[in-house]
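Each chain, written out:
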Amino acid sequence: MAASATQRKVVFVDGIRTPFGKAGQKGIYAETRADDLVVKSIRELLRRNPQLDPAQIDEVAIAATTQTGDQGLTIGRTSAILAGLPETVPGFAIDRMCAGAMTAVTTTASGIGFGQYDVVIAGGVEHMGRHPMGQGADPNPRFLADRLVDQSALVMGNTAENLHDRFPSITKERTDAYAVASQNKFEAAKKAGWIADTLVPVATRSEAGWGLATEDEPPRPGTTVEDLAKLKTPFRPAGRITAGNAAGLNDGATACLLAGEDTATELGLPVGMRMVGFAFQGVDPAVMGIGPVPATEKLLARTGLKIEDIGLFEINEAFAVQVLAFLEHFGIADDDPRVNQWGGAIACGHPLASSGVRLMTQLSRQFAQNPDVRYGLTTMCIGLGMGGAVIWENPNHADYEAGAK
């Protein structure tokens with residue numbers, strides 16, 4: 001295995017997630033610990049890839065936005081121990097709000113590319129029922145006193161309303177129509193059996209006794225535009241953001257295996273996709289939803305690719321307006337079939353720091369279904385004004401070997 005500092009190709013081997021639940025006392029994970037959700041994901045990755053000796057894992061990087069309680073105590077290390085990995089396997093915690101898992105992937109992938117890791121586990125968790133976003137946080141008063149950010153920047157729903165202001169052509173009717181399409185696409189993918197392949201069942205408990213979570217709790221199949229038109233706009237009177245055209249408050253965890261391409265070949269690990277490059281970019285926190293646009297532009301410039309080269313998009317649906325702003329900027333139709341083929345977070349949920357790996361896992365499965373597509377993009381907006389983007393290459397494409405050299 002590689003031990004030099006020369007750049008290596010990094011591949012996404014496999015990804016998994018728990019079913020996503022609704023946050024709160026009535027949610028499926030109300031009595032389930034966040035770290036146990038991570039443990040379940042790690043164990044399932046190892047079960048699905050028995051050719052990998054757990055002792056060969058070089059790092060476990062797990063993200064959480066609210067790092068306290070059962071999401072604290074360096075959750076990458078504690079979840080590795082709880083999952084039964086050898087004590088020689090180290091781990092750490094990471095936070096970049098919604099892009100936590102994405103950053104866990106890009107950070108450890110950098111270590112693989114530099115030759116210092118061979119195989120890593122990266123992922124994220126958010127138990128928003130136990131740890132609401134911002135719980136225990138103490139924003140410095142200078143943010144507002146010195147006018148470093150607009151007051152609306154500290155409430156994500158307000159930033160989405162601000163984005164509507166910036167893009168007046170993106171009406172509430174458009175966002176509601178997009179949200180309905182997300183629900184419909186997710187339901188179709190679920191019926192086709194594609195979603196189930198990305199999930200690990202989780203034993204749950206409640207006052208009613210033990211249960212088994214086998215599918216996502218948030219989806220609302222059968223939702224119509226007329227249904228969404230009746231919802232309240234909690235962030236602004238006569239506003240445009242509702243519970244129907246935004247992701248909800250959710251609980252869940254994700255995890256994936258990354259490896260050097262040479263290591264994957266040596267160990268007989270499958271290759272779901274190869275990382276081409278990644279980029280993060282800061283934006284005005286008051287319109288944080290625009291973040292994927294400059295992050296993607298930065299990444300395209302770095303890789304020499306064009307937006308036309310991207311055959312599949314997995315865009316996190318924190319808010320429908322955020323996705324539509326991305327599509328409008330790049331001249332992509334609201335219903336372009338390349339975009340979120342299986343629906344998105346508006347349907348299945350968005351447990352903050354976990355979502356980046358959900359996007360990646362789905363893209364890798366879609367690559368297998370679409371060998372004619374060479375490049376795909378996973379991208380998301382990030383609280384406090386950032387965007388992240390990762391471009392991946394499809395190993396099933398005819399030109400993959402040439403591109404990997």
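Residues numbered from 1 in each chain as written. Predicted model: local features only at pLDDT ≥ 70, side-chain atom pairs only at ≥ 80, totals over all residues. Heavy atoms only, no water.

Description of the overall build of the chain
Convention followed: The secondary structure listing takes helices from DSSP runs of H or I that are at least 4 residues long and strands from runs of E that are at least 2 residues long, numbered from the N terminus. Radius of gyration: over C-alpha atoms. The globule rule applied is 2.2 Å multiplied by the number of residues raised to the 0.38 power. For each residue, the accessible area found with a 1.4 Å probe, counting protein chains only, is set against the maximum for its type, and the residue is called buried under 20%, exposed over 50%, and partly exposed in between. The contact criterion used throughout is that any non-hydrogen atoms of two residues lie within 4.5 Å.
If you tally the helices and strands in the chain, you get 13 helices and twelve strands. A compact globule built from 405 residues should have a C-alpha radius of gyration of about 22 Å, and the chain, at 20 Å, falls within 12% of that. If one aligns the C-alpha atoms of the chain with their principal axes, the spans along those axes are about 60 × 50 × 50 Å. Counting over 405 residues, the chain shows a buried share of 58%. Nonlocal contacts in the chain, meaning residues at least 24 apart in sequence, comprise 80% of its contacts between residues at least 6 apart.

A closer look at the environment of Arg-205
Examined against the element boundaries, Arg-205 turns out to sit in strand β6 (residues 202-206). We classify Arg-205 as partly exposed; its relative accessible area is 47%. Discounting chain neighbours no more than four positions away, the residues touching Arg-205 are Glu-31, Thr-32 and Trp-210.

Quick notes on the UniProt feature "domain: Thiolase N-terminal" (unreviewed entry) in the chain
Our working definition: UniProt positions are given in the numbering used here, feature names are shortened, and annotations may be inferred rather than shown by experiment.
The feature "domain: Thiolase N-terminal" (unreviewed entry), as given by UniProt, occupies residues 10-261 in the numbering adopted here. Segment residues 10-261 splits into 31% helix and 19% strand. End C-alpha atoms: 6 Å apart.

Topic: the pairing of β6
In plain terms, the rule: Strand pairing requires that DSSP identify at least two bridges connecting the strands.
Direction of pairing for β6 relative to strand β7 (residues 209-213): antiparallel, over a ladder of five bridges. By the bridge assignment for β7, Ser-206 is matched with Gly-209. Here β6 folds back onto β7, and the loop between the two strands holds two residues.

With respect to the pattern of salt bridges
When the charged atoms of two side chains lie near each other, side chains of opposite charge can form a pair. Rules: For salt bridges, the criterion is a side-chain nitrogen of Lys or Arg within 4 Å of an Asp or Glu carboxyl oxygen.
Tallying each qualifying case throughout the model produces 20 salt bridges. Between Arg-130 and Asp-70 there is a salt bridge, with the nearest N and O atoms lying 3.5 Å from each other. With Arg-130 in the loop between β5 (119-127) and α4 (142-145) and Asp-70 in the loop between β3 (59-63) and α2 (75-82), this residue pair connects regions lying 60 residues apart in the sequence. A network of salt bridges, in which partner residues are shared, links Glu-161, Asp-165, Arg-236 and Arg-240.

Comments concerning unusual backbone geometry
Phi at Leu-73 takes a positive value of approximately 60°, unusual for a residue other than glycine. In this fold, Leu-73 is placed in the loop between β3 and α2. In this model, Asn-340 sits at a positive phi of 45°, which is unusual for a non-glycine residue. Looking at the secondary structure, you find Asn-340 in the loop between α10 (320-329) and α11 (345-348).

Focus: the state of the cysteines
Each disulfide consists of one covalent bond between the sulfur atoms belonging to two cysteines. Convention followed: Any pair of cysteine sulfurs within 2.5 Å is marked as a disulfide.
Under the definition given, this model contains zero disulfides. Distance from the sulfur of Cys-98, which forms no disulfide, to the nearest cysteine sulfur (Cys-381) is 6.2 Å. The thiol sulfur of Cys-256 is not disulfide-bonded, and the nearest other cysteine sulfur, from Cys-348, lies at 16 Å.

With respect to the nonpolar core
Let me state the cut-off plainly: Side-chain atoms within 4.5 Å link the members of a nonpolar core, which is a set of buried Ala, Val, Leu, Ile, Met, Phe, Trp, Tyr and Cys residues.
With 43 residues, the main nonpolar core has Ile-290, Phe-313, Phe-319, Phe-326, Leu-327, Leu-377 and Ile-391 as its most contacted residues. Among the elements of the structure, α5 (156-166), α6 (172-191), α9 (292-303), β10 (310-315), α10, β11 (375-382) and β12 (386-393) are those that each provide at least two residues to this core. Looking at which element gives the most residues to this core, the answer is α10, with seven residues.

Description of helix α12 (residues 355-369)
Stated precisely, the cut-off is as follows: One less than the residue count of a helix, multiplied by 1.5 Å, gives the span that helix is expected to have.
Taking 1.5 Å per residue as the helical rise, α12 with its 15 residues ought to reach 21 Å, and the 22 Å between its terminal C-alpha atoms agrees with that figure. With respect to burial, α12 is a largely interior element, 13 of its 15 residues being buried.

Some words on the environment of Asp-216
The condition is simple: N or O atoms closer than or at 3.5 Å make up a polar contact, with two conditions inside protein: a donor-capable atom paired with an acceptor-capable one, and, for residues adjacent in sequence, both atoms drawn from side chains.
Considering the arrangement of structural elements, one finds Asp-216 in the loop between β7 and α7 (225-229). Taking the relative accessible area as the measure of exposure, Asp-216 reaches 8% and is therefore buried. Here the alpha-carbon distance between Asp-216 and Ala-196, two residues 20 residues apart in the chain, equals 9.5 Å. Looking at Asp-216, its side chain comes within polar contact range of the side chain of Arg-17, at 2.7 Å. Polar contacts involving the side chain of Asp-216 include one to the main-chain amide nitrogen of Phe-20, which spans 2.7 Å.

So, the packing of aromatic side chains
Keep this limit in mind: Only Phe, Tyr and Trp rings are paired, with Trp represented by its six-membered ring, and only when their centres lie within 6.5 Å; those with planes under 30 degrees apart are stacked, over 60 edge-to-face, the remainder tilted. In this scheme, the term charge over a ring applies when either NZ of a lysine or CZ of an arginine sits within 6 Å of the ring centre and within 35 degrees of the ring normal.
Per the stated rule, a full pass over the model turns up five aromatic pairs. Considering the side-chain rings of Phe-313 and Phe-326, the 6.2 Å spacing of their centres and the 70° angle between planes classify their relative orientation as edge-to-face. With Phe-313 in strand β10 and Phe-326 in helix α10, this pair connects stretches of sequence that are 13 residues apart. As far as burial versus exposure is concerned, Phe-313 and Phe-326 are alike and both buried. Counting every residue linked through ring pairs, the aromatic cluster contains Phe-313, Phe-326 and Phe-330. A cation over a ring is seen here: Arg-17 above Phe-20, with NZ or CZ 4.3 Å from the ring centre.

A look at the pairing of strand β1 (residues 10-17)
β1 sits mainly inside the fold: eight of its eight residues count as buried. For β1 and strand β8 (residues 250-260), the ladder comprises seven bridges, and the chain directions are antiparallel. Bridge pairing in β8 links Phe-12 to Leu-258. Pairing of β1 with strand β9 (residues 273-282), which is carried by two bridges, proceeds in the antiparallel orientation. By the bridge assignment for β9, Phe-12 is matched with Met-273.

A short note on the side chain of Thr-379
Among the secondary structure elements, Thr-379 is positioned in strand β11. Among the polar contacts made by the side chain of Thr-379, one reaches the main-chain carbonyl oxygen of Gly-388 at a distance of 2.8 Å. Filtering out sequence-adjacent residues up to four positions away, Thr-379 remains in contact with Met-102, Pro-292, Thr-296, Glu-314, Ile-315, Asn-316, Phe-326, Leu-359, Gly-388 and Ala-389.

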